[in-house]
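For reference, the chains in residue letters:
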Amino acid sequence: MKTIRVLAVGDPAVDVYTRPEYGILPRFEEAEGIKVDFDIVPWDSYYGTLMDAFSGTKQYDIAMVAGHLWLRDFVEKGYLAELSEPGAAGYHPEDILPVVDDEMKVSGTRYLYPSFCDGHIILYRKSAVLERIGKLLPEAISTDEYREIVAKCHGFNGMAGVAMKAHESEIFLDFLPYLRTEGVDAFTDGAPRFNGPEGVKALKKYINLKEYVITGTENFGNTEVSQAFRERKVALAVTWGGQLGVNFTDGCEDFADVGFSTFKTAWNVTWSFGITSKSANKNEAEKLLMYLTSTDVDKAVGNYAGSPVRISTYEARRDKNPWYDSHLAMLEQYAKPLPSLVNMGAIMAPLYKYIYQAFTGTISPEKALSEAYAEIEKLL
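Residues numbered from 1 in each chain as written. Predicted model: local features only at pLDDT ≥ 70, side-chain atom pairs only at ≥ 80, totals over all residues. Heavy atoms only, no water.

The next subject is the overall build of the protein chain. The secondary structure content of the protein chain amounts to 16 helices and 13 strands. Taken against the 2.2 N^0.38 rule, which gives 21 Å for 380 residues, the C-alpha radius of gyration of the protein chain at 21 Å falls within 12% of a compact globule. Structurally, the protein chain occupies a C-alpha span of about 60 × 50 × 30 Å along its principal axes. At a minimum sequence separation of 6, the contacts of the protein chain that also span at least 24 residues come to 77%. Between the averaged position of the 39 positive side-chain charges in the protein chain and that of its 53 negative side-chain charges there is a distance of 2 Å. (Helix = DSSP H or I, 4+ residues; strand = E, 2+ residues; numbered from the N terminus. Rg over C-alpha atoms; globule rule 2.2 N^0.38 Å. Contact = heavy atoms within 4.5 Å. Lys, Arg positive; Asp, Glu negative; His and termini not counted. Charge placed at Lys NZ, Arg CZ, Asp CG, Glu CD.)

Below you can see the structure in the form of C-alpha cells.
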C-alpha cells in the first residue's frame, strides 16, 4: 500500500483530521487503498521542519502553508508543485468562499487547497458589555473602540478587562490592527511603512492596554488566552478564527454569555495544503487534498476548529456555531492580507522581537520600531 506523508502545523484546528471520532483519515485510506501518515509538528519548530521538507532532508508529500503569507515566497523558490483545478465529481469548487479560493493561487495558477482560516475575532462577555456599555457590539469595531470597551469592562465581576496574545511569537499580528487604525500598514508596495509617528502612536495605544490585562499576558499564546476567557477571568479577548471551535467552546463557562465581533482593520490567513515539489506521489497526494477539503470534511473542520472555508458549511451550521456570522463578515468584508513578499518569514521576525521588547518595557516604542525598520531594510 502506498503511503502519503503529510506535514501539518501544531494548531488545535488541525487535530480534527486525526481525531478518531471523526474518522477522516481512515475513511480515505479504506476508500482509496492509500495509507496516510499525518505528522503534526508544534508551531515553534514547524517552519524549520517545513524547510527540511522542501529541501528533501525530510520526506513529505504534502505540507501545510500559511496561505498568502508564505505562498509567493515558496512558489518563487520552487518549493510547491502546481496543482490541478478541482474537477472531481461532488467536490463543488464553487462552494469555496471566493476570497479564500483566490488566496490559493499565484498569477492564476493553483498551488494550495484550503484547510481553515485564522483571522482576528473579538470575544466578549455580553453581561459585562451590556452593563458597562449599554449594548452589544456590532459586527466590527475599531481598535480605539475596543480599547474604550476594555477599560470600561475592567473589574466587572472581578474580571480583568482583557487577555492579550502578547507572547513574542504572536505579538506582531496581535498589534497589526492597531497599526492599521492609524492609517498605515506594516508594508506598502513592498516597503516597510510602520516606522513613523502613526506607528509609534499605534504601538503606544497597544501597550497602554496593559493597564487592564490579566497577569502574565506577555507570555500568552492561543492556549492561555482561551483558558483565561473560558474561565471568566477576562471580559474580552482577541483570538484567531481557527480557535473558535473546541478551544473556546469546550469547558467554556456560560457560553450563552459570549458575544463575537471583529476589527474593521482585521487580518486573516488561510492555512492550506500544498504538495511539495519533491513529492513522487503527486496524483495520490492530489486525491488526498481533494478529500481533505471536501464538503463533508469542511463541516467537520468548521464544527471542531470554528473556521470553515465553504459557503454551505456556514449556512448549515449557523445556528449551532453562533460565531459564524462574525467570522464570515471578517473574511468577506474586513480582513486585509499582508503583501506576499519573498523571505516574508525573515522579514517579519524583527517586528516580533522589537514590539515584544517595547511591550515588556525593555525599550521605548520609538526605538522598537526604529530597530525593526533598520533590520528589515537590510533584509530587503
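The contact between helix α8 (residues 197–208) and helix α15 (residues 344–359) brings their axes to 10 Å, and the two run at 55°. Judged on the interaxial angle alone, α15 and α8 are oblique. In this structure, α8 meets α15 at a crossing whose hand is right-handed. Across from L203, Y206 and I207 in α8, the residues of α15 making contact are I355, A358 and F359. (Axes fitted to C-alpha atoms, helices over the stretch in contact; angles between N-to-C directions. Parallel < 35°, antiparallel > 145°, perpendicular 65-115°, else oblique. Left-handed = near helix turned anticlockwise from the far one by under 90°.)

On to helix α6 (residues 143–153). All buried positions along α6 are accounted for by T143, Y146, I149, V150 and C153. Along α6, the residues classed as buried sweep out an arc of 115° about the axis, all on the same side. One or two positions beyond α6, positive phi appears at G155, with a value near 95°. (Buried < 20%, exposed > 50% of the residue type's maximum accessible area, 1.4 Å probe, protein only. Arc of directions from axis to C-beta.)

This part covers helix α14 (residues 324–334). Of all the positions in α14, only Y324, S326, H327, L328, A329, M330 and L331 are classed as buried. Those residues of α14 that are buried lie in contact with α4 (98–102), β6 (113–125), β12 (258–263), β13 (268–275), α12 (295–304) and α13 (311–317).

Even without glycine at this site, S107 takes up a positive phi of about 50°. Inspection of the secondary structure puts S107 in the loop between β4 (105–106) and β5 (109–110). The exposure class of S107 is exposed, given its relative accessible area of 79%. Residue R232 is not a glycine yet carries a positive backbone phi of 60°. Structurally, R232 is set in the loop between α9 (222–230) and β11 (234–240). For R232, a relative accessible area of 22% translates into the label partly exposed.

With the rule as written, the count across this model stands at 25 salt bridges. Linking E182 and K201 is a salt bridge whose minimum nitrogen-to-oxygen distance equals 3.7 Å. Of this pair, E182 sits in the loop between α7 (171–181) and β9 (187–188) while K201 sits in helix α8; the two residues are 19 residues apart in sequence, bridging distant segments of the chain. Linked by salt bridges that have partners in common, D144, R147, E182, K201 and K205 make up one network. (Salt bridge = Lys/Arg side-chain N within 4 Å of Asp/Glu carboxyl O.)

As a further point, take the pairing of β6. Where burial is concerned, most of β6 is hidden: 13 out of the 13 residues are buried. Here five bridges tie β6 to β11, and the two strands are oriented antiparallel to one another. In the sheet register, H120 faces β11, and the bridge partner there is W240. Strand direction decides the pairing type here: β6 and β12, joined by four bridges, are antiparallel. Residue pairing in the sheet places I122 in a bridge with S261 of β12. (Pairing = 2+ DSSP bridges.)

Our focus in this paragraph is the packing of aromatic side chains. All chains considered together, the criterion is met by 30 aromatic pairs. Relative to Y206, the ring of Y178 has its centre 5.2 Å away and its plane inclined at 70°; by these criteria the two rings are edge-to-face. Separated by 28 residues along the polypeptide, Y178 in helix α7 and Y206 in helix α8 bring together distant segments of the chain. Just as Y178 is buried, Y206 falls in that class too. Ring geometry for F255 and W323: centres 6.5 Å apart, planes at 80°, overall edge-to-face. Here the residue F255 occupies a position in the loop between α10 (246–249) and β12, and W323 occupies one in the loop between α13 and α14, the gap between them amounting to 68 residues. Since its relative accessible area comes to 25%, F255 is described here as partly exposed. Among the aromatic residues, ring-to-ring pairing joins W43, Y46, Y47, F54, W70, F74, Y79 and W271 into one connected group. For R5, the ring lying beneath its charged end belongs to Y60, and the centroid distance is 4.4 Å. Geometry around F359 places K210 over its ring, the cationic atom sitting 5.1 Å from the centre. (Phe/Tyr/Trp six-rings, centres within 6.5 Å; stacked < 30°, edge-to-face > 60°. Lys NZ or Arg CZ within 6 Å of the ring centre and 35° of its normal.)

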